[in-house]
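Given next are the chains, with one letter for each unit.
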Amino acid sequence: MSTQSQSEEQQTRGVVARLRASPFLSEFLSNRLAVTGLFVILSMVAIALYARFFLDLGAITTSQLGSAPSMEGPCGHQSLSGSVGSLGSCEYLFGTDIQSRDILPRVMYGAWLALKYGTITVGASTVLGVGLGIIAAYYSDLADNVIMRTMDVLLAFPALLLALALVAIFPNDWGLWRAVVALTLVYTPRFARVVRGAALKVLEDEYIDATVALGATDPRVLVRHILPNSLAPITVQSTLNFGLAIIDLAALSFLGFGAQAGTPSWGLMLSNGVENGLLTGEWWWSFFPGLFLAVTVLGFNLLGDGMRDALDPRMRETVD
């Protein structure tokens, strides 16, 4: 074996050894619920990527009333419904909706929309909240009062009610983007409060005073010292807010303030199913998008709880 190969093998073993010795990783992997949540999320990501790159959005959103699906059920047996919206055929595993569109690819593409817009919402609110929280903690006095009192005003309103008030301001042709902007503004105060508290604890450490005394600029102190030491609560808050963002995006679409008609959004599919399907017996119109939504949110909640337990030393068992 060549010297270069041996060196690469040693580096790989060193990385694996450090990962195994990591308190966070060992604690996280020992939490079965957290690992289950991670598996669920990775599965949804795989479904979303498959839908994005291999499914035809035009075929998913276009009405197929001119070519209604077969009335036969699995492999030639009678289906559960003999009309448009049949369930149980070999070709349409999740059945079809009121416009004779296959529900399975629509639900799968809904995973892509949920993760895409959820990521943008959480990412934008994290950046805004982290920036405002760190600035409020570092400069204190006037900056702290102005920023945090503004955050308190936003937190005084129920999240979904405030999102509805904000989303009504934006044009309807924005589609899901107006829900993203509204929820970004709604979630920003949560990150700002969490980050401000974490930053205030970091500012109490003596090395911060020493860094400032050595002539470090404010941006360097904020980016190189305060931000890295505040990543734990930021990571946990982001993970937990991911589930909230997905369910709030679906709620706004359900109420008619999100996705436009025809878009394979879970919230809009739920709305159409409840409005047109439950009273007529086509329960699968809303069941499958609701199932995917519930499983995805549950995955993020399990992952967030597991990361919080692993990152918080007070949650670990004391080892003598």
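Residues numbered from 1 in each chain as written. Predicted model: local features only at pLDDT ≥ 70, side-chain atom pairs only at ≥ 80, totals over all residues. Heavy atoms only, no water.

Considering the overall build of the chain
Part 1 of the argument: Secondary structure summary: the chain contains 13 helices and zero strands in total.
Part 2 of the argument: The order of helices and strands in the chain, counted from the N terminus, is α-α-α-α-α-α-α-α-α-α-α-α-α.
Part 3 of the argument: With 320 residues in all, the chain has 42% of them scored as buried.
Part 4 of the argument: Pairs at least 24 residues apart make up 68% of the contacts formed inside the chain by residues separated by at least 6 positions. (Helix = DSSP H or I, 4+ residues; strand = E, 2+ residues; numbered from the N terminus. Buried < 20%, exposed > 50% of the residue type's maximum accessible area, 1.4 Å probe, protein only. Contact = heavy atoms within 4.5 Å.)

Describing a negative patch on the surface
Part 1 of the argument: A surface patch of like charges, here negative, comprises E204, D205, E206 and D209.
Part 2 of the argument: Counting through the fold element by element, E204 comes out in the loop between helix 8 (176–203) and helix 9 (206–213).
Part 3 of the argument: With relative accessibility at 66%, the residue E204 sits in the exposed group. (Patch = residues over 30% accessible without salt bridge, like charges linked within 9 Å, V, L, I, M, F, W, Y side chains within 5 Å. Areas by Shrake-Rupley, 256 points an atom, 1.4 Å probe, with all protein chains shown as cover. Salt bridge = Lys/Arg side-chain N within 4 Å of Asp/Glu carboxyl O. Lys, Arg positive; Asp, Glu negative; His and termini not counted. Charge placed at Lys NZ, Arg CZ, Asp CG, Glu CD.)

So, the nonpolar core
Part 1 of the argument: With 54 residues, the main nonpolar core has I103, V107, I246, W266 and L293 as its most contacted residues.
Part 2 of the argument: Contributing elements (two or more residues each) for this core: helix 3 (32–54), helix 5 (103–139), helix 7 (159–167), helix 8, helix 11 (231–254), helix 12 (266–276) and helix 13 (284–311).
Part 3 of the argument: By residue number, the principal contributor to this core is helix 5, which donates eleven residues.
Part 4 of the argument: Sequence-distant contacts of V107, defined by excluding residues within four places in its chain, comprise W266, M269, F288, P289 and F292.
Part 5 of the argument: Grouped together as the second largest cluster of nonpolar side chains are 14 residues, I134, V202, L203 and I208 included. (Core = buried A, V, L, I, M, F, W, Y, C linked by side-chain atoms within 4.5 Å.)

Observations regarding helix 10 (residues 218–226)
Part 1 of the argument: Within helix 10 the residues assigned to the buried category are V221, L222, H225 and I226. In an axial view of helix 10, the angular spread of the buried residues amounts to 115°, which keeps them on one side of the axis. In helix 10, the exposed positions angled more than 90 degrees off the buried face are occupied by P219, V223 and R224.
Part 2 of the argument: On its buried face, helix 10 sits against helix 5, helix 8 and helix 9. (Arc of directions from axis to C-beta.)

A look at the packing of helix 3 against helix 5
Part 1 of the argument: The geometry of helix 3 relative to helix 5 is characterised by a closest axis approach of 7 Å and an angle of 105° between their N-to-C directions. It follows that helix 3 is roughly perpendicular to helix 5 by the angle criterion. Contact residues: helix 3 offers M44, V45, I47, A48, L49, Y50, A51 and R52, while helix 5 offers M108, Y109, A111, W112 and L115.
Part 2 of the argument: Tallied by class, residues from the contact of helix 3 with helix 5 come to twelve nonpolar, no polar and one charged. (Axes fitted to C-alpha atoms, helices over the stretch in contact; angles between N-to-C directions. Parallel < 35°, antiparallel > 145°, perpendicular 65-115°, else oblique. Nonpolar A, V, L, I, M, F, W, Y, C, P; charged D, E, K, R; others polar.)

Brief notes about the confidence of the model for the chain
Part 1 of the argument: Of the residues in the chain, 81% have a pLDDT of 70 or more, and the chain-wide mean is 80.
Part 2 of the argument: Mean pLDDT across the elements of the chain bottoms out in helix 1 (residues 3–21) (55) and peaks in helix 3 (93).
Part 3 of the argument: Confidence over residues 315–320 falls short of pLDDT 50; this stretch has eight contacts with residues more than four positions distant or in other chains. (pLDDT = per-residue confidence, 0-100.)

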